[in-house]
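Listed here are the chains, written in short residue letters.
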Amino acid sequence: MRALSAARAVFRTCAPILHTTPPRMLSILPRGNWTEAVSRAEELVGSPTSLANFRSLLGNEVGALDVYAKRLISSQHPFLEAAKDLILSDGPNRQFRGLCVLLMSKALAPTRRKGEQDGAAREPILPKQRALAEICELIHAATQVHAATVNMTGGAMRVPTDDFLFANKMSVLGGDFLLASACTALARLHNVRVVYLMSAAIGESMEGRFSQPAATSLTLLEDWIKDTHLAGGSLLARGCEAVAVLAGLDDDTQAVAHTFGRHLGIAHEISQSARVLDGRASPKQVSGCAAVVFALSRGQVYDSVSGAVHGSLDIDYSQQRTALVTALEDYTKRPTSDGLSDIRDLVAILNGASCRVAAQAHAAHAIAALAPLAPSEAVDALRRMAAVVANP
């Protein structure tokens, strides 16, 4: 997509500086397992995106982008970190959703209704389905860029510099630009049902990404799971359902695709969030990560089928829970490596690793949802993707 190419071009100019700091580990598996699964998937569907050459796209505007990139670097704004994660990372976050949507498209091909056009019927992946995969990636990129916006009214907010304010505007306008491009491409599909599904995905993804329950809330786990369902499951679920709609398949097959995408999206979101404590992270990322949330909610049980949370908080661990809340508050005021180490230790005591069990349960539901589909290499690749996402 031309919009995503333009966004990437801004940050390619600052790639040498971005690489001077160790990138956060996004992969949730030993390197080879994830690489093997993605390589096999890409062999089946082809490259998940098609990006134009940066210089041919931007022409004489490349010099202006260099100036903007320098201002962003000097601002130390979270927008820069979000851009690095989206553009420079090669972990499981990069093009994950588009690749899964394309795999689902190919997995549905054997059961696809005979098209009115013979050429379209012979294609394992329709052109509109490929376009939808790129739209899913654009929506995800827009959500991540918007989420980097800093609330300037916060009490602990330092006096912002002009470059910081500029970066905040770039975060808002950049996300809006990507969303506008996604909506324009969505309209070109000329399918009202698909437009409805993806519009709902945009709203739910934004709602889930910007909602963050307080660490001291008694319904912390329940609220966090709800937001994760929206932020992690909605886009992939509706994207997979939409390719079934574009293929002209019945409601039952659409439900299969939706269920798979929903559970896989949640498993990916939980697994990725659980890895936040493994590297450097902002206070907002730490307080809202899966390991911390499940640790604070020790004693409560999460049902991955219904999404309900049962039980009460473990009284025996009330002191450790209070200490963890205090450590989070201290880390918010003054982020240090020692503070993050204290949080890791308290999470380990509170058995925060239970979030991985939740991720594996959702991955198992995703794999089970594929049972009605005809056996194929694409279905096997989807199962493999679910397995590597949830099993570190």
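Refer to the structure presented above.
Residues numbered from 1 in each chain as written. Predicted model: local features only at pLDDT ≥ 70, side-chain atom pairs only at ≥ 80, totals over all residues. Heavy atoms only, no water.

Peer 1: How would you summarise the environment of Ala-348 if you had to cite specific residues and measurements?
Peer 2: Turning to its location among the elements, Ala-348 is positioned in helix 17 (residues 337-349). A residue is classified by how much of its surface remains accessible, and Ala-348, at 59% relative accessible area, is exposed. Put simply, Ala-348 and Val-292 are 56 residues apart on the chain and 9.5 Å apart in space, counted from C-alpha to C-alpha. (Helix = DSSP H or I, 4+ residues; strand = E, 2+ residues; numbered from the N terminus. Buried < 20%, exposed > 50% of the residue type's maximum accessible area, 1.4 Å probe, protein only.)

Peer 1: Give me the packing of aromatic side chains: which residues, what numbers.
Peer 2: On inspection of all chains with the given rule, the structure shows 1 aromatic pair. Between the aromatic rings of Trp-224 and Phe-294, the centroid separation amounts to 6.0 Å while the plane-to-plane angle is 80°, which identifies the pairing as edge-to-face. One end of the pair, Trp-224, is in helix 12 (residues 220-246); the other, Phe-294, is in helix 15 (residues 290-296), with 70 residues separating them in the sequence. No difference in accessibility class separates Trp-224 from Phe-294, as the two residues are buried. Here the basic side chain of Arg-298 rests over the ring of Tyr-317, its NZ or CZ set 3.9 Å away from the ring centre. (Phe/Tyr/Trp six-rings, centres within 6.5 Å; stacked < 30°, edge-to-face > 60°. Lys NZ or Arg CZ within 6 Å of the ring centre and 35° of its normal.)

Peer 1: How would you explain empty space enclosed by the protein if you had to name every residue and give the values?
Peer 2: Inspection of every chain in the model, using the stated rule, returns 2 cavities of 30 Å³ or more. Size it by volume and the largest cavity reaches roughly 40 Å³. Around the largest cavity sit Arg-97, His-140, Thr-143, Ser-205, Arg-209, Ala-231, Gly-232, Leu-235 and Glu-269, which together line it. Those elements that provide at least two residues to the lining of the largest cavity are helix 9 (127-147), helix 11 (192-210) and helix 12. The element contributing the most residues to the lining of the largest cavity is helix 12, with 3 residues. Classifying every residue of the lining of the largest cavity by side-chain character gives 2 nonpolar, 4 polar and 3 charged. (1 Å grid on protein atoms, 1.4 Å probe; cavity = no way out; pocket = protein on both sides within 12 Å on 5 of 7 lines; lining within 4 Å. Points joined across faces, edges and corners; volume = space filled by probe spheres on them. Nonpolar A, V, L, I, M, F, W, Y, C, P; charged D, E, K, R; others polar.)

Peer 1: Please provide a residue-by-residue account of unusual backbone geometry, values included.
Peer 2: A positive phi angle, close to 55°, is found at His-190, a residue other than glycine. On the secondary structure map, His-190 appears in the loop between helix 10 (162-187) and helix 11.

Peer 1: With reference to specific residues and values, describe the nonpolar core.
Peer 2: With 66 residues, the main nonpolar core has Met-104, Leu-132, Val-194, Met-198, Phe-260 and Leu-264 as its most contacted residues. Every residue in contact with Met-104, bar those within four places of it in the chain, is listed here: Cys-240, Val-243, Ala-257, Phe-260, Leu-370, Leu-373 and Leu-382. Leu-221, Val-325, Leu-328 and Tyr-331 belong to the second largest nonpolar core, which has 34 residues in total. (Core = buried A, V, L, I, M, F, W, Y, C linked by side-chain atoms within 4.5 Å. Contact = heavy atoms within 4.5 Å.)

Peer 1: How would you explain the pattern of salt bridges if you had to name every residue and give the values?
Peer 2: On inspection of all chains with the given rule, the structure shows 6 salt bridges. For the salt bridge of Glu-241 with Arg-193, the shortest nitrogen-to-oxygen distance reads 3.2 Å. Residue Glu-241 is located in helix 12, and its partner Arg-193 is located in helix 11; the two are separated by 48 residues in the primary sequence. The exposure class of Arg-193 is partly exposed, given its relative accessible area of 37%. For Asp-380, the salt bridge identified is with Arg-383, shortest N-O distance 3.2 Å. In this pair, Asp-380 and Arg-383 both sit in helix 19 (residues 377-390), 3 residues apart, roughly one turn of the helix. Its relative accessible area of 29% is what places Arg-383 among the partly exposed residues. (Salt bridge = Lys/Arg side-chain N within 4 Å of Asp/Glu carboxyl O.)

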